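# Observations on the three-dimensional arrangement
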Amino acid sequence: MSDFFKNEMVRGDIQEMAELQQYCMRAMMSFPVLSPEKQYEYFDVLMTLIEKQKIFYMRLTLSDDPEAQEMLKSMKDGAVLLGAEPGENLLEMFSGLLEKVEKMRAEAQRRMDA
């Protein structure tokens, strides 16, 4: 394991992102039947996950560790598989995702308030 991935903070962040991702996957499976409150909670957790991924991406870009650079390449390749353009700035992609999720969260809030 490289120095980058031995860092306690990095390891903690990876663990937290995995847990958030698991929550989001479970909630997504039953999303249509979730109450507006639970949908709002899902969007809130999803935004937290995206923010953490964005920060992790930045850490990777700042590292010269070979394993970190390999993970960075994997993230970029994965983004292309999800519809991003090759060479697209992933920070902009993360920001765009956050904007979309915020709109969905606001809609869930409106349903809760109705």
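Attention here is on the structure that accompanies the text. (Residues numbered from 1 in each chain as written. Predicted model: local features only at pLDDT ≥ 70, side-chain atom pairs only at ≥ 80, totals over all residues. Heavy atoms only, no water.)

### Examining the overall build of the protein chain
Assigned secondary structure in the protein chain consists of five helices and zero strands. For the protein chain, the N- to C-terminal ordering of α and β elements is α-α-α-α-α. Taking the principal axes of its C-alpha atoms as reference, the protein chain extends roughly 50 × 30 × 20 Å. At a minimum sequence separation of 6, the contacts of the protein chain that also span at least 24 residues come to 63%. Of the accessible surface of the protein chain, which amounts to about 7,600 Å², a share of 57% is contributed by carbon and sulfur atoms. Counting 14 positive and 21 negative side-chain charges, the protein chain places the averaged centre of each group 3 Å from the other. (Helix = DSSP H or I, 4+ residues; strand = E, 2+ residues; numbered from the N terminus. Contact = heavy atoms within 4.5 Å. Areas by Shrake-Rupley, 256 points an atom, 1.4 Å probe, with all protein chains shown as cover. Lys, Arg positive; Asp, Glu negative; His and termini not counted. Charge placed at Lys NZ, Arg CZ, Asp CG, Glu CD.)

### What to know about the nonpolar core
Ranked by size, the top nonpolar core spans 26 residues in total, and within it Phe4, Leu46, Phe56 and Leu60 carry the most contacts. A total of 10 residues in this core trace back to one element, the largest contributor, which is helix 3 (residues 36–62). (Core = buried A, V, L, I, M, F, W, Y, C linked by side-chain atoms within 4.5 Å. Buried < 20%, exposed > 50% of the residue type's maximum accessible area, 1.4 Å probe, protein only.)

### Observations regarding the side chain of Arg105
Within the secondary structure, Arg105 is located in helix 5 (residues 90–113). Among the polar contacts listed, one links the side chain of Arg105 to the side chain of Asp44, at a separation of 2.6 Å. Among all residues touching Arg105, those that are not within four sequence positions of it are Tyr40, Phe43, Asp44 and Met47. (Polar contact = N/O pair within 3.5 Å; in protein donor to acceptor, adjacent residues only side chain to side chain.)

### What about the packing of helix 2 (residues 8–29) against helix 3?
Any two packed helices are characterised by the angle at which their axes cross and by the distance between the axes. The N-to-C vectors of helix 2 and helix 3 enclose an angle of 145 degrees; their axes lie 9 Å apart at closest approach. Remark: the crossing between helix 2 and helix 3 carries left-handed chirality. Contacts between helix 2 and helix 3 involve Met9, Val10, Asp13, Ile14, Glu16, Met17, Leu20, Gln21, Tyr23, Cys24, Ala27 and Met28 on the former and, on the latter, Glu41, Tyr42, Val45, Leu46, Thr48, Leu49, Lys52, Gln53, Phe56 and Arg59. The residue makeup of the contact of helix 2 with helix 3, split by class, is 14 nonpolar, three polar and five charged. (Axes fitted to C-alpha atoms, helices over the stretch in contact; angles between N-to-C directions. Left-handed = near helix turned anticlockwise from the far one by under 90°. Nonpolar A, V, L, I, M, F, W, Y, C, P; charged D, E, K, R; others polar.)

### Remarks on helix 2
Taking 1.5 Å per residue as the helical rise, helix 2 with its 22 residues ought to reach 32 Å, and the 32 Å between its terminal C-alpha atoms agrees with that figure. Taken together, the buried positions of helix 2 are Val10, Asp13, Met17, Leu20, Cys24 and Ala27. For helix 2, the angular spread of buried residues about the axis comes to 115 degrees, placing them on one side. Every exposed residue of helix 2 that faces more than 90 degrees away from the buried side is listed here: Glu8, Arg26 and Met29. As for helix 2, its buried residues are in contact with helix 1 (3–6) and helix 3. Structurally, the start of helix 2 carries an N-cap: the backbone nitrogen of Met9 is 2.7 Å from a side-chain oxygen of Asn7. (Expected span 1.5 Å × (residues − 1). Arc of directions from axis to C-beta.)

### Some thoughts on the pattern of salt bridges
Tallied over the full model, the rule gives eight salt bridges. Glu41 is paired through a salt bridge with Lys38; the nearest N and O atoms lie 3.7 Å apart. Placement of the pair is Glu41 and Lys38 together in helix 3, with a separation of three residues, close to one helical turn. For Glu41, a relative accessible area of 32% translates into the label partly exposed. (Salt bridge = Lys/Arg side-chain N within 4 Å of Asp/Glu carboxyl O.)

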